[in-house]
Amino acid sequence: MTKVLVWCENVQNKTQENVIAAYPEGMHNTLAGFLSADGGLSVTTATLDDPDCGVTDEKLAETDVVLWWGHVAHGQVPDAVVERLYGRVVTNGMGLIALHSSHFSKIFKRLMGTSCALAITKPGYGAEKLWTLLPGHPIARGIPNPVEIEAEETYNEYFDIPQPDELVFNAAFEGCGSFRAGAAYHRGRGKVFYFQPGHETYPVYRQKEVQEILLNAVYWAVGKARG
Ligand code: ZN
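All of the points below concern the structure found in this document. As the structure is a computational prediction, the values presented were derived from the model and not from experiment. (Residues numbered from 1 in each chain as written. Predicted model: local features only at pLDDT ≥ 70, side-chain atom pairs only at ≥ 80, totals over all residues. Heavy atoms only, no water.)

Each helix and strand counted, the chain has six helices and nine strands in total. For 227 residues, the compact-globule estimate of 2.2 N^0.38 gives 17 Å, and the C-alpha radius of gyration of the chain, at 16 Å, lies within 12% of that figure. Within the chain, the proportion of its 227 residues that are buried is 56%. Approximately 9200 Å² of the chain is accessible, and the part contributed by carbon and sulfur atoms is 50%. Of note, the chain has its 19 positive side-chain charges centred 6 Å away from the centre of its 26 negative side-chain charges. (Helix = DSSP H or I, 4+ residues; strand = E, 2+ residues; numbered from the N terminus. Rg over C-alpha atoms; globule rule 2.2 N^0.38 Å. Buried < 20%, exposed > 50% of the residue type's maximum accessible area, 1.4 Å probe, protein only. Areas by Shrake-Rupley, 256 points an atom, 1.4 Å probe, with all protein chains shown as cover. Lys, Arg positive; Asp, Glu negative; His and termini not counted. Charge placed at Lys NZ, Arg CZ, Asp CG, Glu CD.)

Structural data, given as structure tokens:
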């Protein structure tokens, strides 16, 4: 079994009505729900509410890949937790999948070594087409081209990331810009994937094609073929 830890900060969905509407059960539970429906994955969740963010040495010692979603509370993740994650990726080969606004998470910035800043094109929200650039890549396997997402936040270039080792997806937003939406990296012994869809007020993690991409990414991150 591949052991997956889904980490979401779990802040806005306690008070913000449009976030609660999109993910009434909490985004971490949505993500864990479809991932754990895959017979090869053993999935647990953790949030800011857990002691040490639920990201202890003991927990990481039994984790193969982490999915990370943060937005308003990046600064509340202790640096010690970030270093623990970083060490597991580069030294032990743990996979890390950074979702949406986690482009600004401490751990993603630590792994990239750049500002990871981006632009958001006005009006800020719109339809997205997610185009596959590497159809032979394991993360793109079986994914329609393009994936059409009804509404997303319109992230735009310039996105200050290092040149991706593999740029798997590019997003085009109706009436505005484009964005490197699926970027894969090797860091030490580990693999890192950044994936843009996942704004908290749109239930994109319920969309089948998006779920399939994340399942592919989990298997890619641990170097296993998806059954
Ligand atoms: Zn967002």
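Here we come to the nonpolar core. Core analysis: the largest hydrophobic core is formed by 74 residues, its most contacted members being Leu35, Phe169, Phe193 and Tyr205. In terms of residues, this core owes the most to one element, helix α6 (residues 208-221), which gives nine residues. (Core = buried A, V, L, I, M, F, W, Y, C linked by side-chain atoms within 4.5 Å.)

Turning to the coordination of the zinc ion, a few remarks are in order. Every protein donor of the zinc ion is listed here as His100 (NE2), Glu153 (OE) and His199 (ND1), and their distances to the metal cover 2.0 Å. Mapped onto the sequence, the donors of the zinc ion take the spacing H-x52-E-x45-H. Remark: Glu153 occurs in strand β6 (residues 147-156) and His100 occurs in the loop between β4 (95-99) and α5 (106-112); sequence separation between them is 53 residues. With relative accessibility at 9%, the residue Glu153 sits in the buried group. (Donors = N, O, S within 2.8 Å, 3.2 Å for Na, K, Ca; no water.)

What follows covers unusual backbone geometry. Cis geometry marks the peptide bond from Lys122 to Pro123, where omega comes out at 10 degrees. Tracing the backbone through its elements, the reader meets Pro123 in strand β5 (residues 119-132). A cis amide bond links Glu157 with the next residue in sequence, Tyr158, at an omega value of 15 degrees. Along the chain, Tyr158 turns up in the loop between β6 and β7 (166-173). Backbone geometry places Asn10, a non-glycine residue, at a positive phi of 65 degrees. Relative to the helices and strands, Asn10 resides in the loop between β1 (2-8) and α1 (17-22). By relative accessible area, which is 12% here, Asn10 ends up buried.

Turning to the pairing of β5, a few remarks are in order. In regular strands, side chains alternate between the two faces of the sheet. Here seven bridges tie β5 to β6, and the two strands are oriented antiparallel to one another. Within β6, the residue paired with Ala119 across the bridge is Asn156. Pairing between β5 and β7: five bridges, direction antiparallel. Looking at the pairing, Lys129 lines up with Ala172 of β7. (Pairing = 2+ DSSP bridges.)

What follows concerns α6. An α-helical turn contains 3.6 residues, so any two residues separated by three or four positions project in the same direction. Its 14 residues place the ends of α6 20 Å apart at the C-alpha level, agreeing with the 20 Å of an ideal helix rising 1.5 Å per residue. Taken across its 14 residues, α6 has 11 buried, putting it largely inside the fold. One or two positions beyond α6, positive phi appears at Gly223, with a value near 70 degrees. (Expected span 1.5 Å × (residues − 1).)

Within a sheet, neighbouring strands are paired by backbone hydrogen bonds and run either parallel or antiparallel to one another. In spatial order, the strands read β2-β1-β3-β4-β9-β8-β7-β5-β6; together these nine strands make up an open sheet with mixed pairing. Two strands bound the open sheet, and with one partner strand each, they are β2 (41-46) and β6. Direction aside, neighbouring strands of the sheet carry axes that sit 25 degrees apart on average. Here β1 runs beside strand β3 (residues 65-69); their pairing, made up of five bridges, is parallel. Residue pairing across strands places Val6 opposite Leu67, the latter belonging to β3. (Axes fitted to C-alpha atoms, helices over the stretch in contact; angles between N-to-C directions.)

Right, let's talk about a nonpolar patch on the surface for a bit. A contiguous nonpolar surface patch, about 240 Å² in accessible area, is contributed by Trp131, Leu133 and Leu134. Within the secondary structure, Leu133 sits in the loop between β5 and β6. (Patch = residues over 30% accessible without salt bridge, like charges linked within 9 Å, V, L, I, M, F, W, Y side chains within 5 Å. Salt bridge = Lys/Arg side-chain N within 4 Å of Asp/Glu carboxyl O.)

Another aspect to go through is the environment of Ile143. Mapping Ile143 onto the fold places it in the loop between β5 and β6. Its relative accessible area of 10% is what places Ile143 among the buried residues. Spatially, the C-alpha atoms of Ile143 and Val210 are 8.7 Å apart, while their sequence positions differ by 67 residues. Among all residues touching Ile143, those that are not within four sequence positions of it are Phe169, Glu209, Glu212, Ile213 and Asn216. (Contact = heavy atoms within 4.5 Å.)

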